[in-house]
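Here is what each chain is made of, one letter per residue.
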Amino acid sequence: YKSGQSLQIERLTGYSLITPMEKIKRKRAKQALQKDLSLDLNNYGSRKNAIPDITSDDDLSKNCRNEKQKLISKMGSLVDNMEKRKKEETARVHAETGCRVQKKNGKMQYFEIASGNRVTKEEYQRRYLNMIGKRRNEYALL
C-alpha cells in the first residue's frame, strides 16, 4: 500500500518510492542472504540460488544510482529556477531596503549597503516592513 502523498511524489518526480513493507521484505531477505552465505562458505558466490527473486546488492545500488540520477536531472531545472528566483529576490530586497543581512555567530547583523555602516535590527525591520507595504500596494493594483 502506498499513501496518496507517495503516489503524488512518484507522479511528479518519476522516482519510484519503496513502500515500508517492501523495505522490511528487502531487509529480511538481505539478512537471510547474509546468514545463508555465512553458513555455507562453499556456495559463497552463488547469491542467485540462495534466495529466489532477490536482486543482488550491486543491482540494488545500480538501480538506486540510476533513480537518483533521473530524479536529479528532472529536478535540476526546478532547482536552477529556485536559485535564480532567490538571487533576484535578494537583489530586490537589497535595492528596496538599502541593507544587506549577514549571519555571524548565530546572530543576524544588518549593514547599509551604501556606507557599510551597521543598522539596528529595528531600523532594518522598519525598512523591510516598508518594502512589504509597497509590494502589497503593487499587487493590489494588479
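Keep in mind it's a predicted model, so treat the numbers as computed, not measured. (Residues numbered from 1 in each chain as written. Predicted model: local features only at pLDDT ≥ 70, side-chain atom pairs only at ≥ 80, totals over all residues. Heavy atoms only, no water.)

Quick look at the pattern of salt bridges
Then, in step 1: Inspection of every chain in the model, using the stated rule, returns seven salt bridges.
Then, in step 2: In this structure, glutamate 89 and arginine 135 form a salt bridge, with 2.7 Å as the shortest nitrogen-oxygen distance. Highlighted residues: glutamate 89 in helix H4 (residues 57–97) and arginine 135 in helix H5 (residues 121–141), separated in sequence by 46 residues. Assigned by exposure class, glutamate 89 and arginine 135 land together as buried.
Then, in step 3: A salt bridge links arginine 135 to glutamate 96; the shortest N-O distance between them is 3.9 Å. With arginine 135 in helix H5 and glutamate 96 in helix H4, this residue pair connects regions lying 39 residues apart in the sequence. (Salt bridge = Lys/Arg side-chain N within 4 Å of Asp/Glu carboxyl O. Helix = DSSP H or I, 4+ residues; strand = E, 2+ residues; numbered from the N terminus. Buried < 20%, exposed > 50% of the residue type's maximum accessible area, 1.4 Å probe, protein only.)

Re the packing of aromatic side chains
Then, in step 1: In this structure the tally under the stated criterion is two aromatic pairs.
Then, in step 2: Their ring planes at 15 degrees and their centres at 4.4 Å tell us that tyrosine 110 and tyrosine 124 sit as a pair that is stacked. Here tyrosine 110, found in strand S2 (residues 107–112), pairs with tyrosine 124, found in helix H5; they are 14 residues apart in sequence, far enough to count as distant.
Then, in step 3: Here the aromatic residues Tyr110, Tyr124 and Tyr128 are joined through ring pairs into a cluster of three or more. (Phe/Tyr/Trp six-rings, centres within 6.5 Å; stacked < 30°, edge-to-face > 60°.)

Here's the deal with H5
Then, in step 1: For H5, built from 21 residues, the straight-helix expectation of 30 Å at 1.5 Å per residue is met to within 8% by its first-to-last C-alpha distance of 30 Å.
Then, in step 2: Every buried residue of H5 is listed here: Tyr124, Arg127, Met131 and Arg135. Within H5, the buried residues cover an arc of 80 degrees as seen down the axis, which keeps them to one side. Projecting away from the buried face of H5 at angles above 90 degrees are the exposed residues Glu122, Leu129, Arg136, Asn137 and Ala140. (Expected span 1.5 Å × (residues − 1). Arc of directions from axis to C-beta.)

Comments concerning the pairing of S2
Then, in step 1: Looking at chain direction, strand S1 (residues 99–104) and S2 are connected through six bridges and run antiparallel. What sits directly across from cysteine 99, in S2, is glutamate 112.
Then, in step 2: From the end of S1 to the start of S2, which pair antiparallel, there are two residues, and asparagine 105 there has a positive phi angle of about 55 degrees.
Then, in step 3: Sheet analysis places S2 next to strand S3 (residues 118–119), joined by two bridges and oriented antiparallel. Residue pairing in the sheet places phenylalanine 111 in a bridge with arginine 118 of S3.
Then, in step 4: Linking S2 to S3, which pair antiparallel, is a turn of five residues; within it glycine 116 sits at a positive phi near 85 degrees. (Pairing = 2+ DSSP bridges.)

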